[in-house]
Every structure is written in structure tokens, then in C-alpha cells.
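Fold and contact review
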2 protein chains.
Amino acid sequence: MKIGIVGLGLIGGSLGLDLKAQGHEILGVSRQATTCQTALDKGVVDRASTDLSLLAAAEIVIICTPIGAIAPTLAKLVPHLQTETIVTDVGSVKQPIVEACTYLWSNFVGGHPMAGNTNQGIHAAQTKLFTGAAYVFTPTEKTPTALVEKLASLARSLDTITYICPPEVHDRAVAWISHLPVMVSASLIQSCLQESNSQVLQLAQKLASSGFCDTSRVGGGNPELGMMMAKYNRQALLRSLKQYRQNLDEIIIQIEQENWDNLEQVLEINQQARPKFLN
Amino acid sequence: MKIGIVGLGLIGGSLGLDLKAQGHEILGVSRQATTCQTALDKGVVDRASTDLSLLAAAEIVIICTPIGAIAPTLAKLVPHLQTETIVTDVGSVKQPIVEACTYLWSNFVGGHPMAGNTNQGIHAAQTKLFTGAAYVFTPTEKTPTALVEKLASLARSLDTITYICPPEVHDRAVAWISHLPVMVSASLIQSCLQESNSQVLQLAQKLASSGFCDTSRVGGGNPELGMMMAKYNRQALLRSLKQYRQNLDEIIIQIEQENWDNLEQVLEINQQARPKFLN
């Protein structure tokens, strides 16, 4: 199959490597000629160009740009596509993208391969990045089932575990397990930095170990990515954040009122519930 | 040196193993005769008893019971001690313990070896548990320096990194980096469980990966330990929790008001600050 990839970074490049290895013909488009050359040198793509017209022959196009560029990229891509070409994306938020993109192209299916690491760019591209990862597709009520099946089958060929659900269900789910943790963790680092007693702050920095390290990890990650999550999944994230604040307030009240039995009960429920979130 | 250990669990047992290996004579006291026998069999102690009078000969006594039992144990121990015996503890909160214990015994120095794992009991005791860990001592203004030095020197012989500070500085520091993360993380699990749409909750559980796993880890830990932290470090923890809530509110406001530049700035400050907490 001829597969087009727009945006040859960590995700686009890694998809290219694995799909090309399976025998697909990979057509890659990047804004930068140097990235195109690197993609060719690394064996990520068969052909590369800075011009979207390269994708005229593609049966499937995967848009792997940053979230904000997905719909604008599709708008520029549309004049070059054949009527039956399926377009998908890899954005970590789905509802606003699916809304904009299905309007531009009826054969669009939102996608979200849930893999990655802190590296960026074509040089970070690696084989088997997606092995064992979740890959979510988010058709609307109008999306032809055959398109979803074709993409899901391609995703499963990368040894991913595929899920199919409406865009808003995806966005609410990732708000809980991905975007809320970033804000919770960011607030932790922020609050520690407010300590006005320098002896306490310095000792805290010395004594911090695995508990602090783990709880603060995602809050100390890529600032642009964190901001983008909030920007594009604003509604679902605010919903989760407000529920979170309510639970935090309940814990504060239990400690203020010294309801130790209640607090221990809450912590027991958590201890029992957490394994359901670990696969 | 003759060293007494009261409470032969993970911490007491592991201290016994390493100190005995150094040639000290270890006298162990546990409430349970079976624990005494196991401690003898495992080579944790040279002599063991369920009776505190065994410790009459000790130069240093380390109380390794749960936090709530430290002061009551010292009260029972006092009649058996020689005047010059130094007593210390291993509790994770220091101010209330130091207050109660220095009143009972003027040669008391609060201590907190910051090592451990999720296992409990004498069977979990292991050698070199403390290697590389922080070990904090919290003398008051009245504590003779020689006592602190003697304990710190013993702690350093276990390859720990020792810190000396007032009890309240310790408690505020650990509130930030140990107790606050537990409550922040616990509130995260709690809030996810409030999701009323079962399709969203189930998908969230399936999609949760390393970010959620890390951020929720300490909030899904031992409920009794979490409650005890809050109970004994209530004041410092509430102070940290209220600052945290303020920073969380600021992040919520930034997202509500779509102040994306401000949000990104906050996340940038976090990204730069976090490494100062990682040793």
C-alpha cells in the first residue's frame, strides 16, 4: 500500500520505519528539506518531499504534525488527494480535530497512537515504538466502518492494541489519565517553589526521593506539550480538574477535622482501585 | 558498642543486620516472641527479648516502632536505662515525637533514616537498605552536640548522607516532598473514580500508562502509613496542602481564561526547577 506521512518527527518517523519494513511504500512530507534527506537516509521513507503534491498517489495519509497544525495541513492537502484516500492523524486530543477535519475531508478518521518518549524529531525515530501500545480511533456516527477497519487493521499490524470510540469519550478518558496528571503534578512542583523558608526548601530538595520524583515527573515535562493538551482538551480537562479539586478539598477537610478513619478509608479505596489503571 | 533496637520490622531489622555486621552487639526487643526468634535466626540481633529490661546495658537505643508507639515505648523503657544512654527513633515525623521524647529522656535525639520499601516485618529486613539514603537528625537547642555527633557518625558508618536540622524544619521539608505528594496523588485516584460515564472510566483504565502510573503511585500506597503521616505531621502538611490548592487554582484559572502563554511559562519554570529536587 502507498502510505503518506506528513510530519517526520518522532511519531511520523517511527511509523514510517515500521510500515516501510512491512513492505508498504512510504511517501514522506516535511516542511524542511534537511528532514526529508535524513528520513531518506534513515530508511524512514521511500520518497520524500517538502511538497504535499507527493501524496497524490497515497491510499492512506497519516498527519503527524503538532496538534495545532493538523487541520491547517489537511486544508492544504485536500487539493492533492484522490477522492477515496483515507486521512488520519496522531493528535493526542480528538474532538476539535475530528470536527475540523471531517468537515474538510469526509474520509477522515481521528487516530491516537499512545506511544512516545521525551525525544523529538526525525533523529529520535525508532522501530517498534508502538509495540504493545494503545492505538485509539475515533470515528463519528457518519464515518464509514470500512475506513475505520482498514486503519485499525494497519495499526494492529504494528502490534498495537486498538480501541474504537467517539472522539469525546477519548478526550474525557485521556483528560483523566494523561492531562489531569500533568496539571496535578505541575501544581506540586509550583507549590514547593513557594516555600519562603530557604532552609526548608533546600532540605526538601536534598531529601526528595522516589516518591517526589515519580509524582512530579509529568509536571516537569515539555511545557509546550502540556500547554497544548490544556488548549485542545480544555473542556474535558477543566471537568476533571474541578472534580479533582473537590476530592482534594475533601482530603484537606478530613485532615483539618482529624477524621483519621475516613482518611484511611479513602486511602484504602485508592489502594484497591489503582491496579485497575495498570495494565 | 552495645546497641539496642526496639521494634524489629523492616527498618529495625535492617539496621540490626548492618550494625551487627560491623561488629556491634545488637540487643533486640519485639513484642512478639516469634519475631525475636526470627531475628536471632536471621542474624539481625545477638540477643533478643520481649522484655525491655534487656536494654539496660545498651549505650544507644534505637526505637523503630510505628510513629504512634515511639513515645509510649520510651516511657516504658526509661526505668531500665542507664543515665548516659542515648535514645533515638526512626519516625518519619519529628516535632511531636521530639517534644514528647525529650521530655521523657534528655539524651533523646530524633532521627529519620529515609529508606524503606513497601515490604513490612522482620522477614523484609535486608542488608544495605540505607546505603546512599538520607539520614536526618533533629536535635533541639538543648541537645548536647556530642550526642548528635555520636549518632551521626554511626549513621554515616551505614553509608548514609546525614543532615542535622531542627525538628520543625525536617517536618516542613518532608511535608513538601513526601507527605504532600501522597495526598496529591491520592486525590488523583479518587477523582478518576468519580467519573460517572462507565465507557469513559473503562477506557481511561485501559489507556492509563506510565504518566498515570507514576503520578498515582504514592497515592495508592499503604493506607495506614498515609493516614499516620497526615496525623503526625498535620500542621506542616495542611500548610503545604493549602499552598498546593492555591497553585492548582491558578492553573485552573489560566486554563479557564485561556492564558496559554502564562500556563506555558509556569510549566517552563517547573521543567527548570524539578532537577533541583532530583539527586
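Further up the page is the structure itself.
None of these values were measured; they are calculated from a predicted model. (Residues numbered from 1 in each chain as written. Chains lettered and ligands numbered in written order. Predicted model: local features only at pLDDT ≥ 70, side-chain atom pairs only at ≥ 80, totals over all residues. Heavy atoms only, no water.)

Below, the discussion takes up the interface of chain A and chain B. Taken residue by residue, the interface counts 88 residues in chain A and 88 residues in chain B. Where chain A abuts chain B, roughly 8,800 Å² becomes buried across the two surfaces, and 68% of that area is made up of carbon and sulfur atoms. Together, Leu207, Arg274 and Phe277 of chain A form the three largest contributors to the area buried by chain A at its contact with chain B, with a combined 9%. Applying the counting rule to chain A against chain B returns 10 salt bridges. For Arg239 of chain A, the salt bridge identified is with Glu195 of chain B, shortest N-O distance 3.0 Å. Put simply, chain A and chain B have 27 residue pairs in polar contact (both at pLDDT 80 or more) between them. Mapped onto the side of chain A that touches chain B, the elements with two or more residues apiece are strand 7 (134–138), helix 6 (167–192), helix 7 (198–207), helix 8 (210–216), helix 9 (223–232), helix 10 (234–256) and helix 11 (260–273) of chain A. (Contact = heavy atoms within 4.5 Å. Buried area = accessible area lost by both parts, 1.4 Å probe. Salt bridge = Lys/Arg side-chain N within 4 Å of Asp/Glu carboxyl O. Polar contact = N/O pair within 3.5 Å; in protein donor to acceptor, adjacent residues only side chain to side chain. Helix = DSSP H or I, 4+ residues; strand = E, 2+ residues; numbered from the N terminus.)

Let's shift gears to the sheet that holds strand 4 (residues 60–63) of chain B. Residue and element names in this part refer to chain B. An order of 3-2-1-4-5-6-7-8 is seen for the 8 strands of this open sheet, with the pairing classed as mixed. Bordering the open sheet on either side are strand 3 (47–49) and strand 8 (161–164), each of which pairs with just one other strand. Across the sheet, the axes of successive neighbouring strands diverge by a mean angle of 20 degrees, strand direction being ignored. Bridge count for strand 1 (residues 2–6) against strand 2 (residues 25–29) is 5 bridges, and the pairing is parallel. Note that in strand 2 the partner of Val6 across the bridge is Val29. Packing against the sheet, helix 4 (residues 95–104) makes contact with strand 5 (86–89), strand 6 (108–113) and strand 7 (134–138), and its axis sits at approximately 150 degrees to strand 6. (Pairing = 2+ DSSP bridges. Axes fitted to C-alpha atoms, helices over the stretch in contact; angles between N-to-C directions.)

Residues and elements named next belong to chain A. For helix 2 (residues 33–41), every residue scored as buried is listed here: Thr35, Cys36, Thr38 and Ala39. An end-on view of helix 2 places all buried positions within 165 degrees of arc, on one side of the element. When the buried face of helix 2 is taken as reference, the exposed residues oriented beyond 90 degrees from it are Ala33, Thr34 and Asp41. Among the structural elements, strand 3 (47–49) are those in contact with the buried residues of helix 2. Looking one or two residues beyond helix 2, the residue adopting positive phi is Gly43, at roughly 75 degrees. (Buried < 20%, exposed > 50% of the residue type's maximum accessible area, 1.4 Å probe, protein only. Arc of directions from axis to C-beta.)

Following both chains from N to C, one finds helix 9 of chain A and helix 11 (residues 260–273) of chain B inclined at 140 degrees, their axes separated by 8 Å at the closest point. Crossing hand, helix 9 of chain A versus helix 11 of chain B: right-handed. In this structure, helix 9 of chain A uses Pro223, Glu224, Gly226, Met227, Ala230 and Lys231 of chain A to contact helix 11 of chain B, whose residues at the interface are Trp260, Leu263, Glu264, Leu267, Glu268 and Gln271 of chain B. Taken together, the residues that form the contact of helix 9 of chain A with helix 11 of chain B break down as 6 nonpolar, 2 polar and 4 charged. (Left-handed = near helix turned anticlockwise from the far one by under 90°. Nonpolar A, V, L, I, M, F, W, Y, C, P; charged D, E, K, R; others polar.)

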